[in-house]
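Structural characterization, general
The residues making up each chain are set out below.
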Amino acid sequence: MEFKIIHIPETDSTNRYLRELKAEGDVLVQTDYQTAGRGCGTNRWESERGQNLLFSLLIHPKQVPASKQFLISMVTANSISKVVSKYVENVSVKWPNDIYVGDRKICGILIQNTLQGGTIKDSVIGVGLNVNQLCFVSDAPNPVSLANLTGRTFGREQLLHELLEAFEAEWADSEGVRARYLAQLYRRKGFFRYRDAYGEFVAELVTVEDDGHLVLRCVDGYTHRYAFKEVQFII
């Protein structure tokens, strides 16, 4: 992939910027500050100006059928997890694509796909990686940064270069993407507490299906299949 890289000092949202850019090729937009950065759903993403990596990628994965669009989520999560694991231990992917260190969130990913017929026309991948921020003041329950964990500061441009290299390598080995994703899932072994529309329960993680659904097995042996936002991890 040959990304055209655009740096803007400030924007409301790098995902929104890329969607309106309507570029033909692969583009990366990076910013120092987002005034309306989004997480999944209605969540906001807190980031101190100039301290973290905030960027979005525009790619055109025409070879990926719409039914397999979760592949993009797995590729992205695997790539970021690989880079973060170079600097800290106990890194995992919390379904569907948050990057965790222990029980704390270090990176959020927001993917917005545009479909055309049975394939993906383009995909905008927004990434917020906590790098050098030391204090988090929002009501987010468990944020952490590389600087928090290591006691050192990091060059954001070098990290971005490493992330792009990892992303391209992950695409090049797409046959193994799902296995790598499943192997590093948060809470992949053991029983833990969850909450769905019917209340709290205890279950173990069985798998994540090709289409992205999470499968949990309760202590009574029954399995349940969840789409995104239908179940909550209790941490």
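An account of the accompanying structure is given in this report. (Residues numbered from 1 in each chain as written. Predicted model: local features only at pLDDT ≥ 70, side-chain atom pairs only at ≥ 80, totals over all residues. Heavy atoms only, no water.)

The computed volume of the second largest pocket comes to approximately 360 Å³. Phe-70, Ser-73, Pro-96, Asn-97 and Phe-228 are the residues nearest the centre of the second largest pocket, which is lined by 17 residues in total. The set of elements that each furnish at least two residues to the lining of the second largest pocket consists of helix H2 (70-84) and strand S6 (104-116). The greatest single-element share of the lining of the second largest pocket, amounting to four residues, is contributed by S6. Residues that form the lining of the second largest pocket fall into these classes: 10 nonpolar, six polar and one charged. (1 Å grid on protein atoms, 1.4 Å probe; cavity = no way out; pocket = protein on both sides within 12 Å on 5 of 7 lines; lining within 4 Å. Points joined across faces, edges and corners; volume = space filled by probe spheres on them. Helix = DSSP H or I, 4+ residues; strand = E, 2+ residues; numbered from the N terminus. Nonpolar A, V, L, I, M, F, W, Y, C, P; charged D, E, K, R; others polar.)

Spatially, seven strands are ordered S1-S2-S3-S7-S6-S5-S4 in an open sheet, and the strand pairing comes out mixed. Strands at the two margins of the open sheet, each flanked by one partner only, are strand S1 (4-11) and strand S4 (91-94). Shown here is a sheet whose adjacent strand axes are inclined to one another by a mean of 20 degrees, direction ignored. Here three bridges tie strand S5 (residues 98-101) to S6, and the two strands are oriented antiparallel to one another. Each bridged residue has a counterpart across the sheet, and for Tyr-100 the counterpart in S6 is Lys-105. (Pairing = 2+ DSSP bridges. Axes fitted to C-alpha atoms, helices over the stretch in contact; angles between N-to-C directions.)

A few words on the packing of aromatic side chains. Within the structure shown, the criterion is met by nine aromatic pairs. Ring centres 5.2 Å apart and planes at 80 degrees place the aromatic pair Tyr-87 and Phe-154 in the edge-to-face group. On the criterion of sequence distance, the pair formed by Tyr-87 in the loop between H2 and S4 and Phe-154 in the loop between helix H3 (146-150) and helix H4 (156-172) is long-range, its members being 67 residues apart. Given the relative accessible area of 27%, Tyr-87 is considered partly exposed. Judged by its relative accessible area of 8%, Phe-154 is buried. Judged by centre distance (5.9 Å) and plane angle (25 degrees), the rings of Tyr-194 and Phe-201 are stacked. By way of ring pairs, the aromatic residues Tyr-100, Tyr-186, Tyr-194, Phe-201, Tyr-226 and Phe-233 are connected into one cluster. A cation over an aromatic ring shows up here: Arg-187 above the ring of Tyr-194, its NZ or CZ 5.5 Å from the ring centre. (Phe/Tyr/Trp six-rings, centres within 6.5 Å; stacked < 30°, edge-to-face > 60°. Buried < 20%, exposed > 50% of the residue type's maximum accessible area, 1.4 Å probe, protein only. Lys NZ or Arg CZ within 6 Å of the ring centre and 35° of its normal.)

In this structure, Asn-130 sits in the loop between strand S7 (119-129) and H3. With a relative accessible area of 1%, Asn-130 lands in the buried category. Within polar-contact distance, the side chain of Asn-130 engages the backbone oxygen of Val-144 at 3.1 Å. (Polar contact = N/O pair within 3.5 Å; in protein donor to acceptor, adjacent residues only side chain to side chain.)

What follows is about empty space enclosed by the protein. Within this structure, the stated rule accounts for one cavity of 30 Å³ or more. Counted as a void, the largest cavity has a volume near 60 Å³. In this structure, the largest cavity is lined by Phe-55, Leu-57, Thr-76, Ser-79, Ile-80, Val-127, Leu-160, Leu-163, Leu-164 and Phe-167. The element contributing the most residues to the lining of the largest cavity is H4, with four residues.

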